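The residues making up each chain are set out below.
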Amino acid sequence: MSLMKIKDLFHFEKGSLQSTKATPGEYDFITAAADWKTHNEFTHDCEALIFAAAASGSLGRTHYVYGKFISSDLCFIITPKDPEKYPIDIKFYHLIFLAFKDEIVRNTKSGTSKEAIGLTVFGKYEIPYFEIEKQIETRDKFVNAQEATNELNSELTSQINIVEQLRQAFLTDAMQGKLMSMAKSDEPATLLLGKIKAEKERLTREKKIKKQKPLQLITPDEIPFEIPENWSWCRLGELLLDIKYGTSKSCDYNSNRNSRVLRIPNVSGHSLNGDDLKFTDLSEKEQKDLALEQDDILIIRSNGSRELVGKTVLVNGEFVGFAYAGYLVRLRFNINLINARFLLRATKSNFFRDLIEKPLRTTVGINNINTQEISNLLVPIPPLEIQILLADKLDELMLFLDSLNKNISESIINNELLLKQVLTEALGIEILKEKPQKETSKKDRQRTSKYDPNTILMEIVPLLKKHGKLHAEELWKMSKYYGPKEEDRKIDEFYAELKKQIEMNKTVKESSEKGYLELV
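Values in this document were obtained by computation on a predicted structure and should not be read as measured data.

Rules used in this analysis
Residues numbered from 1 in each chain as written. Predicted model: local features only at pLDDT ≥ 70, side-chain atom pairs only at ≥ 80, totals over all residues. Heavy atoms only, no water. Helix = DSSP H or I, 4+ residues; strand = E, 2+ residues; numbered from the N terminus. Rg over C-alpha atoms; globule rule 2.2 N^0.38 Å. Buried < 20%, exposed > 50% of the residue type's maximum accessible area, 1.4 Å probe, protein only. Contact = heavy atoms within 4.5 Å. Areas by Shrake-Rupley, 256 points an atom, 1.4 Å probe, with all protein chains shown as cover. Lys, Arg positive; Asp, Glu negative; His and termini not counted. Charge placed at Lys NZ, Arg CZ, Asp CG, Glu CD. Pairing = 2+ DSSP bridges. Axes fitted to C-alpha atoms, helices over the stretch in contact; angles between N-to-C directions. Salt bridge = Lys/Arg side-chain N within 4 Å of Asp/Glu carboxyl O. Core = buried A, V, L, I, M, F, W, Y, C linked by side-chain atoms within 4.5 Å. Polar contact = N/O pair within 3.5 Å; in protein donor to acceptor, adjacent residues only side chain to side chain.

**Q** Which residues make up the overall build of the protein chain, and what are the values?
**A** Looking only at helices and strands, one finds 17 helices and 25 strands in the protein chain. In terms of overall size, the protein chain behaves like a compact globule, its C-alpha atoms giving a radius of gyration of 26 Å where 520 residues would be expected to give roughly 24 Å. Its C-alpha atoms give the protein chain principal-axis dimensions of roughly 80 × 65 × 45 Å. Evaluated residue by residue, the protein chain yields a buried proportion of 43% over its 520 residues. Restricting to contacts in the protein chain with at least 6 residues of sequence separation, those with at least 24 account for 72%. Summed over its atoms, the accessible surface of the protein chain is roughly 27,700 Å², and 50% of this surface lies on carbon and sulfur atoms. Across the protein chain, the mean location of the 75 positive side-chain charges is 7 Å away from that of the 77 negative side-chain charges.

Written out as structure tokens, the structure reads:
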């Protein structure tokens, strides 16, 4: 056995088809998900491995395929490179990629909110190579064990799907007023909406909040289901005291700066987290305007991952006073009239997700929704006391389902670990341990800035000629697409031009140093 780079054993390339563009047909369409789809065309007719390289939840999943197929653009297609020099049994290496999945992902992935594995770093990763006789012998021994493991994992995955279906069923029943029997409130939701409107008008007169833009009228054909008589349909904007984009100022790990800034990595889980926190300097007015309060809701408004856009989290006491970044939007309510926990649960429902998808726009791989579109989203609102009852009940049910989900997920992990342990023992190898890394100080993590106020509002290529290798964020800040005012900053156009220079003109490339770009 010897360790060899993946690129020396295999040819690998990116798949070509986006999932949203698949047309059901007779050929296998292999994606990063556990279940395959179909398409009406194929690009390959061979034996291969399909490796999920750009789908955070499925990163490292490997499929075996033999026949005519097409692969997702989120995956790598892996085939033997030099069968005469290095004979490869594809089924054996399916076992190897499964066994070393965690190690491969941990040592090759990059990104935070959207993790992915690049072709270059993937090719340089070393895996064990065995003589072909050993490959075939091991494959024959373990193919049945692998099938049994896959069957068990499939059953456990089905159980997870059932848990998620239950989660959505509870949320749907709650949104329709069917989750629990409730006494009729003395005050209908229409009166509650009147109070909110009056409060907003008073705050607008006192110039404490800005006047809201007009919202679309609700038409009968928009109403998706019936709700109790004392509830009311409304636009989300009717409930908001304020909706505000975050700061576009550059952030780094320098904790001597005056403001802590929450970014997408801090909100992409089930709740806010303080991991990988960055800082910036804000004026006194900016600090006041962007300071988070208890029971604010943050929503992701722009991201390369369609699934992340529209994701929401509730602000709790630990993060009060923090600022937040520009790809996030803050929703603020009068917490004496609206229960934020109820609204948060409403945003987690499939009903609300479908509404988010409708206005979602994609520009050069970046999905966006703006504040006006968020304000016009439809929500069912009950009287306040019913909001509180439903929020309490849903918190209880979701906690139970989270516990179930955790137990099932642990069973899947243990099942995979067992197969991995038996396989590695049979081959006489050890799983490669991640090398311990010294804890880096915040000072060490700070990036050496090349930002130059004398070279702003320039084209991308001249900037790279002037400064050499630049971090993507600084390239954006000095480019012509980063205007002096928020409304002049065109991130989508920046990405479009960058993609053109990388893929079409071949003038720019990603540097070997993570996050940097340089001229070819």
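This is not the end of the story, as more comes after the structure.
**Q** Could you give an account of the sheet that holds strand β19 (residues 328-333), with specific residues and numbers?
**A** Spatial ordering of the open sheet is given by β12-β19-β15-β17, a layout of 4 strands whose pairing is antiparallel. Among the strands making up the open sheet, the edge pair consists of β12 (240-245) and β17 (312-314). Averaged over neighbouring strand pairs, the angle between their axes works out to 20° when direction is ignored. Two elements, β12 and β19, share 5 bridges in a ladder whose sense is antiparallel. When the sheet's bridge partners are listed, L240 is paired in β19 with F333. Across the sheet, helix α10 (residues 340-347) is in contact with β15 (297-300), β17 and β19; its angle to β17 comes to roughly 160°.

**Q** Residue-level account of the sheet that holds strand β25 (residues 516-519), with values.
**A** Read from one edge to the other, the open sheet built from 3 strands follows the order β23-β25-β24, with strand pairing classed as antiparallel. Of all strands in the sheet, those with a lone pairing partner are β23 (470-471) and β24 (508-510), marking the two edges. One ladder, built from 2 bridges, connects β23 with β25; its direction is antiparallel. Within the sheet, the bridge partner assigned to H471 lies in β25 and is Y516. Those strands touched by helix α15 (residues 460-467) are β23, β24 and β25, and its axis lies near 90° from that of β25.

**Q** Help me get a handle on the pattern of salt bridges, residues and values and all.
**A** Under the counting rule described, the total for this entry stands at 23 salt bridges. Its salt-bridge partner being R306, residue E357 comes within 2.7 Å of it at the nearest N-O pair. Note that E357 is positioned in helix α11 (residues 350-357) and R306 in the loop between β16 (302-303) and β17, a separation of 51 residues in sequence. A salt bridge links D392 to R341, with the nearest nitrogen and oxygen atoms 2.8 Å apart. Of the two residues, D392 is situated in helix α13 (residues 384-427) and R341 in helix α10; the sequence distance between them amounts to 51 residues. Residues participating in the shared-partner salt-bridge network are E199, R202, E206 and K208.

**Q** Which residues make up the nonpolar core, and what values do they have?
**A** Counting residues in each nonpolar core, the largest one holds 52 residues, and the members touching the most others are L236, L239, L331, F333, I338, I374 and I381. Excluding its chain neighbours within four sequence positions, the residues that come into contact with I374 are L236, I243, I299, V329, L331 and I369. If you look at the next biggest cluster of nonpolar residues, it comprises 32 residues, including L49, L59, F130 and F142.

**Q** Kindly report on unusual backbone geometry, identifying the contributing residues and their values.
**A** Backbone geometry at K207 places phi at a positive 60°, although glycine is not the residue there. Take K207: it is sitting in the loop between α6 (189-205) and β11 (232-235). Look at K207 and you get exposed, because its relative accessible area is 76%. At D295, a position not held by glycine, the phi torsion is positive, near 70°. For D295, the position within the fold is in the loop between α9 (284-290) and β15.

**Q** Go over the side chain of T280 with me, naming the residues and quoting the values.
**A** Inspection of the secondary structure assignment puts T280 in strand β14 (residues 278-280). Residue class for T280 comes out buried when judged on its relative accessible area of 1%. Within polar-contact distance, the side chain of T280 engages the side chain of R257 at 3.5 Å. Those residues in contact with T280, other than ones at most four positions away along the chain, are K249, S250, C251, R257, N258, S259 and V261.

**Q** Explain the environment of D173 to me, and be specific about the residues and the numbers.
**A** Take D173: it is sitting in helix α5 (residues 132-175). Looking at D173, the relative accessible area reads 29%, which means it is partly exposed. Those residues in contact with D173 that lie beyond four places of it in its chain are K178 and L179.

**Q** Quick rundown of the pairing of strand β22 (residues 378-381)? Include the residues and the values.
**A** The two faces of β22 match: L378 and P380 on one face and V379 and I381 on the other face are all buried. Pairing geometry for β11 and β22, over 4 bridges, is antiparallel. Counterpart to S232 in the pairing with β22 is I381.

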